[in-house]
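# Residue-level structure breakdown
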Amino acid sequence: MTFFRAHSVRIMAAVSALVPLLVARWPGIDWYGLAAVAAALLGAGEVAQRVEDRKTVEALHATSPYDEIAKVHRQLAEIEASQKAVQKTNE
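The following paragraphs examine the structure supplied in this document. Note that the coordinates shown come from a computational prediction; the quantities given were computed from them, not determined experimentally.

## What to know about the overall build of the chain
Looking only at helices and strands, one finds three helices and zero strands in the chain. For 91 residues, the compact-globule estimate of 2.2 N^0.38 gives 12 Å, and the C-alpha radius of gyration of the chain, at 27 Å, exceeds that figure by more than 25%. Along the first, second and third principal axes, the C-alpha atoms of the chain reach 90 × 25 × 15 Å. Sorting the 91 residues of the chain into buried and exposed places 8% on the buried side. Within the structure as shown, the chain displays about 7700 Å² of accessible surface, and the carbon and sulfur contribution to it stands at 65%. Between the mean site of the 10 positive side-chain charges and the mean site of the 10 negative ones, the chain shows a separation of 4 Å.

## Remarks on the nonpolar core
One finds Met12, Val19, Leu34, Leu41 and Ala48 forming the largest nonpolar core, which totals five residues. Looking at this core, the elements with two or more residues in it are α1 (2-25) and α2 (31-61). Sorting elements by how many residues they give to this core places α2 first, with three residues. Look past the residues within four positions of Val19 in its chain and what remains in contact with it is Leu34, Val37 and Leu41.

## Brief notes about α2
Between the first and last C-alpha of α2 there are 45 Å, a value that for 31 residues agrees with the 45 Å anticipated at 1.5 Å per step. Taken residue by residue, α2 has Leu34, Leu41, Ala48 and Val51 as its buried positions. Considering only its buried residues, α2 is in contact with α1.

## Concerning the environment of Gly28
Relative to the assigned elements, Gly28 resides in the loop between α1 and α2. For the pair Gly28 and Ser64, spaced 36 residues apart in the sequence, the C-alpha separation amounts to 55 Å.

## Section: the packing of aromatic side chains
Geometrically, a pair of aromatic rings is defined through the distance of the ring centres and the angle of the planes. Counting across every chain of the model gives zero aromatic pairs. Over the ring of Trp26 we find Arg25, and its NZ or CZ is 5.9 Å from the ring centre.

## Details of the pattern of salt bridges
One side chain can pair with another of opposite charge once the charged atoms of both are near each other. Enumeration according to the criterion identifies three salt bridges in this entry. For Lys55, the salt bridge goes to Glu52, with nearest N and O atoms at 3.1 Å. Pair noted here: Lys55 and Glu52 are both in helix α2, with a separation of three residues, about one helical turn. Looking at Glu52, the relative accessible area reads 25%, which means it is partly exposed.

Rules used throughout
Residues numbered from 1 in each chain as written. Predicted model: local features only at pLDDT ≥ 70, side-chain atom pairs only at ≥ 80, totals over all residues. Heavy atoms only, no water. Helix = DSSP H or I, 4+ residues; strand = E, 2+ residues; numbered from the N terminus. Rg over C-alpha atoms; globule rule 2.2 N^0.38 Å. Buried < 20%, exposed > 50% of the residue type's maximum accessible area, 1.4 Å probe, protein only. Areas by Shrake-Rupley, 256 points an atom, 1.4 Å probe, with all protein chains shown as cover. Lys, Arg positive; Asp, Glu negative; His and termini not counted. Charge placed at Lys NZ, Arg CZ, Asp CG, Glu CD. Core = buried A, V, L, I, M, F, W, Y, C linked by side-chain atoms within 4.5 Å. Contact = heavy atoms within 4.5 Å. Expected span 1.5 Å × (residues − 1). Phe/Tyr/Trp six-rings, centres within 6.5 Å; stacked < 30°, edge-to-face > 60°. Lys NZ or Arg CZ within 6 Å of the ring centre and 35° of its normal. Salt bridge = Lys/Arg side-chain N within 4 Å of Asp/Glu carboxyl O.

Okay, here's the thing in structure tokens:
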């Protein structure tokens, strides 16, 4: 399941690319079966999209190591601003 979760869209793209090749290879294929495969691919594509959406939401809500660095930069900017204000008042 971890492999499918990590590569769901790639797997769907590969399977979707194989369907036209199968039709070209066997032109007498049953259209009802082809319609069922197309419907299944649409459903699986929806599942793949939801998996990708879930991964995106998880990534957006995860804390970044850069958050701590940004806090330090803000603190340094505030210290510099206060030092400049003190220097201007001393002049």
